[in-house]
Structures are given as structure tokens and as C-alpha cells.
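Working through the structure, step by step
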Amino acid sequence: MKMRREHSYAVLSLSLMGLVMSTGCIDLFGDDSVKTVSVNAATGAVIAIGDTDSVLLAGTRLVIPPDSLPADTEVTLKLSTESIVLAGDESVGPVAVFGPAGIQFAKGASLTLPVTLDEPSKLGEIFLTVLEDDGSRRDLNAISTGDGFVTATITGFTSFEAT
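Residues numbered from 1 in each chain as written. Predicted model: local features only at pLDDT ≥ 70, side-chain atom pairs only at ≥ 80, totals over all residues. Heavy atoms only, no water.

1. Here's the deal with the sheet that holds strand S5 (residues 95-99)
Test applied: In this scheme, strands are said to pair when DSSP sees at least two bridges between them. Here a helix means four or more residues in a row that DSSP labels H or I, a strand means two or more in a row labelled E, and each is numbered from the N terminus. Here an axis means a line fitted to C-alpha atoms, over the contact stretch when the element is a helix, while the angle between two N-to-C directions is reported on a 0 to 180 degree scale.
Taken in spatial order, the 6 strands make up an open sheet running S1-S4-S5-S11-S7-S8, and their pairing is antiparallel. The open sheet has two edge strands, strand S1 (33-39) and strand S8 (137-141), and neither has a second partner. Averaged over neighbouring strand pairs, the angle between their axes works out to 25° when direction is ignored. In terms of strand pairing, strand S7 (residues 127-131) meets strand S11 (residues 159-162) through 4 bridges, oriented antiparallel. By the bridge assignment, Leu-128 is partnered in S11 with Ala-162.

2. Points about the sheet that holds strand S9 (residues 143-144)
Sheets are built from strands that pair by backbone hydrogen bonding, the pairs being arranged parallel or antiparallel. One open sheet accounts for 5 strands, arranged S2-S3-S6-S10-S9; its pairing is antiparallel. Two strands lie at the open edges of the sheet, namely strand S2 (45-48) and S9, each paired on one side alone. Summarising the sheet, strand S3 (residues 61-64) and strand S6 (residues 104-114) pair through 3 bridges and their orientation is antiparallel. Bridge pairing links Arg-61 to Thr-112 in S6.

Here you go:
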């Protein structure tokens, strides 16, 4: 009987681990990659994240205009579990890390990220915190889309979090 109970626990544990991993909630093996897309510099791209890519980043959307990238680029999106906001600021969304880091757009790109607010009336007070690889940080004005998302114009690939 003891062997069967241990076997049942092992099967249950593996089933739960598979369910959690498949929903994009957590990756127990350290791969935080959400999506990689080849972008043609001349045509640009719209990179959209769905529930099957990441539950936490679902609804994220990056619009890269034509001729905005310096060359054809493999664009990556990762989910970070470490907040980039400073003490005293409140995170209201996941941390999206776009790469390759350091690439700047010739034209601004539009980034939409999901937000979760206890008080929907605070939607007009949201910013995107930007953390560059060199440690510098700044806030961008974000516009609420009214449906749990905010949009801002960004100038390059780096880390972003709604605050």
C-alpha cells in the first residue's frame, strides 16, 4: 500500500507541475523565455502574446514600425520574476524583458502591457518603468486602454514594468 501511495503522489506532483508549466505561470527549470520572433527590418512587425505564450503577459503587444530596426533581428521576450520598480513605487503588472538589449528604434515602437489594479480609478496614474542594461532607469507616460492594459511609446529593447 505504501508504494501505491508514493506512486500516486509522484504522479499527482508531475501532473501539477505540467499544468503549472503549461499555463505559463512559472517555469521550474529557469527558462523564462516567452516568445522569439524574427523581424524583417524593412517591414517591421506586430508581436502579440496570448494565453498559450504566457498567462502573466497575455495581451502584451509590441508594434515595431517598418524601417525602425537597424537590421533584421531576432526579437525575444522574457518574463522576469524580479520587479524593477524602486522602493516606494507599486508594481501593477509583470516585468517584460525585450531583447536583444541595447537596440534602439529609428522610430518609436508601441508597447502594450497588462496591468492589475485594486482601484481602477488609478488607471490614469500609471507609468512604465524602464530599466536599461547599464542600470539606468526612467519612467514613461503610459496611456490606459481602459481594458486592463496600458500603452507607451518606447525607443528600444530593455525591461519594462507598469507602476
